[in-house]
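Coordinate inspection notes
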Amino acid sequence: MNPCSVVQSGENRLKRKRWLIVPLLALSVAACGGGGDSSTVPDDSGSGKPPVVTPPVVTPPVETPPPEDLPPPDETPPPQDTPPTEELPEPELEALPEVKTANLPKVGAPSLPPLPASLRIPDNFLRVAAAQPISVANASSSGDENGNNTAAKAIDGDLTSRWESAWGDDITDADNAWLQFDFGAKTAIGMMTFHWENAHADEYAVYVSDDAQNWYQLRYIVASQGKTEEFFNLGIYARYLRIQGITRKTQYGYSLFEAEFKAPDSSNSMPELSTSVLSYPLSGAGRTPLPAPAEPIEMVSFTLADGTLVTRFGMVGRSRHARERGEDWNEIGYGVNDTVDAAGKPRNKGPGAHLNFIANYFKNRTWGVEFIDNSNVPGVTEPRIVVNQYYQQAQKGGGHSFVRRFDEPGVTGFGWMSPGDLLDDSTYQDPGAACPVVAKPANGVLLRPDSGYNGVIGANDGCSVVFDRYPGHRALSANADGVLVPNGSYVDSRVLKKGDVIEFTGSFFSTREAMDAIGDNGAFRYYTNELTYVMGKGLRPWYGVQPRLMNEPLPESALQGGLGSISFDYADNPTFMFQQPHNTIGMQNMQRFMEGRRWLHTNLWTGEHNEDGNDRNDAGRQLQGPRFNQSSCFNCHVNNGRSVAPTVRNQKLDTMAVRVGATGTDANGHYLPHPIYGQALQMNSRSIETGAIQNWGNAAWVSDFVTSNVSLADGTQVELRKATVAFEGAEPAVYSIRQAQPLIGMGLLEAISDETILSRVRSTPDADGVLGTANYAYDPESGEVRLGRYGWKAGKVSLRHQVTNAALLDMAVTSSVYPKLACLAGPQNCDPATAEPGLPDEAVTAMTQYLHLLGVPAQRSVVSGFPKGVSPLTYLDVDPAKIAAGEKVFKDIRCVACHVSEVKTIERSEFDEVRNQNIKPYTDLLLHDMGPGLADNFTEGLASGSMWRTSALWGIGYTQFVAGGTPAGYLHDGRARTLTEAILWHGGEAEVIKNRFVNLPTAEREALLAFLKSL
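Keep in mind it's a predicted model, so treat the numbers as computed, not measured.

Some thoughts on the packing of helix α11 (residues 880-892) against helix α15 (residues 1002-1014)
Packing of α11 against α15 brings their axes to within 7 Å, and their N-to-C directions diverge by 100°. Judged by the angle between their axes, α11 and α15 are roughly perpendicular. Along its contact with α11, which presents Lys882, Ile883, Ala885, Gly886, Glu887, Val889 and Phe890, the element α15 presents Glu1004, Glu1006, Ala1007, Leu1008, Ala1010, Phe1011, Leu1012 and Ser1014. A per-class count over the contact of α11 with α15 returns nine nonpolar, two polar and four charged.

Side note on the state of the cysteines
In the structure shown here, the tally under the stated rule is two disulfides. Each sulfur in the disulfide pair cysteine 435 and cysteine 463 lies 1.9 Å from the other. Residues cysteine 435 and cysteine 463 are joined through a disulfide that is left-handed, its torsion about the S-S bond being -100°. Pair noted here: cysteine 435 is in the loop between α3 (426-429) and β16 (465-467) and cysteine 463 is in the loop between α3 and β16, with a separation of 28 residues, a long-range link. The disulfide partner of cysteine 823 is cysteine 830, and the gap between their sulfur atoms is 1.8 Å. With the S-S dihedral at roughly 85°, the linkage between cysteine 823 and cysteine 830 falls on the right-handed side. Cysteine 823 sits in the buried class, given a relative accessible area of 4%. The cysteine cysteine 633 is free of any disulfide, with cysteine 636 supplying the nearest cysteine sulfur at 8.4 Å. For cysteine 633, a relative accessible area of 16% translates into the label buried.

Let's talk about the confidence of the model for the chain
Looking at the chain, pLDDT values average 89 and 90% of them are 70 or higher. Predicted confidence for residues 1-85 stays below pLDDT 50, and this span has 202 contacts to residues more than four positions away or in other chains.

A short note on the packing of helix α9 (residues 799-811) against helix α10 (residues 841-852)
Axis separation between α9 and α10 bottoms out at 9 Å; the angle between their running directions is 120°. Overall, the two elements α9 and α10 adopt an arrangement that is oblique. As for the relative orientation of α9 and α10, their crossing is right-handed in sense. On the side of α9, the interface is formed by Leu799, Arg800, Val803 and Thr804, while α10 contributes Asp841, Val844, Thr845, Met847, Thr848, Leu851 and His852.

A closer look at the sheet that holds strand β31 (residues 693-694)
Pairing is antiparallel across the open sheet formed by three strands, whose spatial order is β28-β30-β31. Of all strands in the sheet, those bounded by a partner on one side alone are β28 (627-628) and β31. Bridging between β28 and strand β30 (residues 684-686) involves two bridges; their strand directions are antiparallel. Residue pairing in the sheet places arginine 627 in a bridge with serine 685 of β30.

A closer look at helix α14 (residues 991-998)
Residue pairs spaced three or four apart in an α-helix point in one direction, given the helix's 3.6 residues per turn. Of the residues making up α14, those classed as buried are Ile993, Lys994, Phe997 and Val998. Summarising the axial view, the buried residues of α14 lie within an arc of 150°, below the 170-degree limit, and thus occupy one face. Contacts from the buried residues of α14 go to β32 (700-711), α13 (979-984) and α15.

About the cut-offs
- Residues numbered from 1 in each chain as written.
- Predicted model: local features only at pLDDT ≥ 70, side-chain atom pairs only at ≥ 80, totals over all residues.
- Heavy atoms only, no water.
- Axes fitted to C-alpha atoms, helices over the stretch in contact; angles between N-to-C directions.
- Helix = DSSP H or I, 4+ residues; strand = E, 2+ residues; numbered from the N terminus.
- Parallel < 35°, antiparallel > 145°, perpendicular 65-115°, else oblique.
- Contact = heavy atoms within 4.5 Å.
- Nonpolar A, V, L, I, M, F, W, Y, C, P; charged D, E, K, R; others polar.
- Disulfide = S-S within 2.5 Å.
- Buried < 20%, exposed > 50% of the residue type's maximum accessible area, 1.4 Å probe, protein only.
- pLDDT = per-residue confidence, 0-100.
- Left-handed = near helix turned anticlockwise from the far one by under 90°.
- Pairing = 2+ DSSP bridges.
- Arc of directions from axis to C-beta.

So this is what it looks like as structure tokens:
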């Protein structure tokens, strides 16, 4: 028998119509974190009183089972209903996706300067039509393992002979071996190929020289796959080339069958582009705001004429409950607590699995829920909620739960009281899936506003549930350990009232037959999100309070993303915090969100999802051009956060954007794309014919770091560090290094009115020197001048503009907005009449809608009610007083001059979820001159090299948690390793405010940082 059904089956025997026990939601403590002592004995009024049990003086040991609840002797047990005859299967716990961290170069490895002009092919070099092989005059090495596998074997034209570096016991540093080629004279080389044996270099560099004394770095390879590696577009003019080993793949030496070289030709070298200027308007003259739709695509909350509040929201399958961490956790004396070790110190055995996404989450695994709440209707004294659910496949009856089992000390992970009246009990007893698919209602109206079902107005059918009483429960008092346990008294159930806080979760409980009928061979049983509903108000983001993390609405001050803010995470899933939909997401918009997420996680060459177990996206296959940075959005926006920060020498910057151009701009800020790279470096390459990865030498890499020190008022020394960037190919005259920004809240930013943003523009600096300038750009689809609000220099006017531009520049994927790869070279090359295959319009729409619906985590500024003895999660272990003091400092030193803390959105979005929301993005979306320390030489419209759009700070405290082990930095190029460093880099318009931070007393500085980390 399924261990998770032990307690539940007992409750089924006591079930009456008033008290619906949902399949598998009242679960056993040991197996599922549910309530061990959770049965109730209802009377005809539905008040349900269990027997009064005097709590023990001594806390029971872990192995002691809770006493069985028996009916009081003066009451007669109610009639028993026949439980379902089939076993109720537990959802399968799907493993979390593997955390993929960046392949970074070896720390301390040498990093040589890039090639000087004297070692590059001259501009007037005549390239042949077909590349000729180049002979090597001589090969030498740092040492051979034996007299047979010598350096000469790597250039003998025989793919069965090989060079093998010295690696025996007498070799002190076998990794540091090298193989050198002498071409006899200065030679133009366009391409080289290495044929490795299985014992290959895992990490190595390629150096060139004219004299075999002064070496320069041509390429640096990390995580080599060995076999045959091709290198194109070398563009070198030199006599010597060396393979310098850094790390071996095996315990043996480096083993190379053959090295081949070819002269430059049109097939192995980058051509020059015919470029045209990129236009930006000089000012906002003729500005056209984005149009506001008449009504949202889906209404998530509305009020009927009589005052009835209707709330609609989407659900998606989850593999576990919201409070299930990677460790068992129980209050003192009530079970195993793995969150602390024997000495009481916190320990982490890994995350839970609640915020991650189940396999094929986009495929038949979302559904809608509708609450019809009459607590605001005049004259109603006993309000109720009618609950309708809208699935994509037939389901079993039930699947509704309210109010966590907070009166059971054995319940720490989950456990539910489940009151409610299932209108047709036979749908629950039916061994099949008795609840048919119900069409979703139109905006602003109920599906059955007059007839209802069996006299229940608004109910769709017998699978609907009515909830009208807050359940009875045992009263609690603290025992000797401070644990709230039943005290022998009982709190009767009562009618609902306006303002009641109700916890809700549903259940995806279909059947194998129902899933097969829609052609889906996946699972048919899932858990789902946990939400908090307030009678008369609607959904509210929540956090956990005593007893045992029971739901409580978060204070409005913590709702950075408005009512859609993401609730606290008790499953230890912080890497997924930037991947959650708005708390209030609509029931159809949930499916839109999931389909858009699929596209952001799709490899646009293979069509494969970056998380295992998901069907291939065939519409996303082979959309990518031959050169690119990454193949999916998610590879740059790591976990929807920032790109990999520059942390070590030789690091390739291919998760960042490197915007490039020719020298200078015209009077309107127009600039020419680079004659080789176009508008951006595309650092990775593949063969379009075979799909094999190639190396075309277009990368930017970290050659070194420049450091300086700043002394704070209390004597603390802070080292500031900035990466020095080098280029494998020609260094562009104009370039800008930009890290990918977090994707959260972008729909909310688009819902801010132009007028609100422009109201903060200043023509003269304020007393602190803060100005604020708006940037403008042409909408690439309409040609109209619009206010810029996205990107590091506010050069993108809409989410659609941002998505399609990034697809082209960073992934080499076209769309109807940028129909050709040649659009990289400027507008005159971007003729839609000769469009190339790219993202379908429905994919662009899905990706854009996903970003509109991506929520912002709530601020962590209140204390969670972790059970006694349980170690709080690090990011939820906060000091509210310190955070409040830090917020005051943030305002007092005038960080809010640019990082505007509060703004309200308007009805300009097609999504109801982002309309009319009070949000805290901590940005004014304007450009500010940040001084020479943060300047590059790249101008974008009205944004000069030292001007940057104010970054939104919401979610900034989650940065390192979301990164999941991947290095994450702050500021436009990721240079700042800490928030303190980020602040100290501020200059220009922020110089005065930065100096106030420098001069803060230690306690105030630490409070300010605590505030930022709570965001």
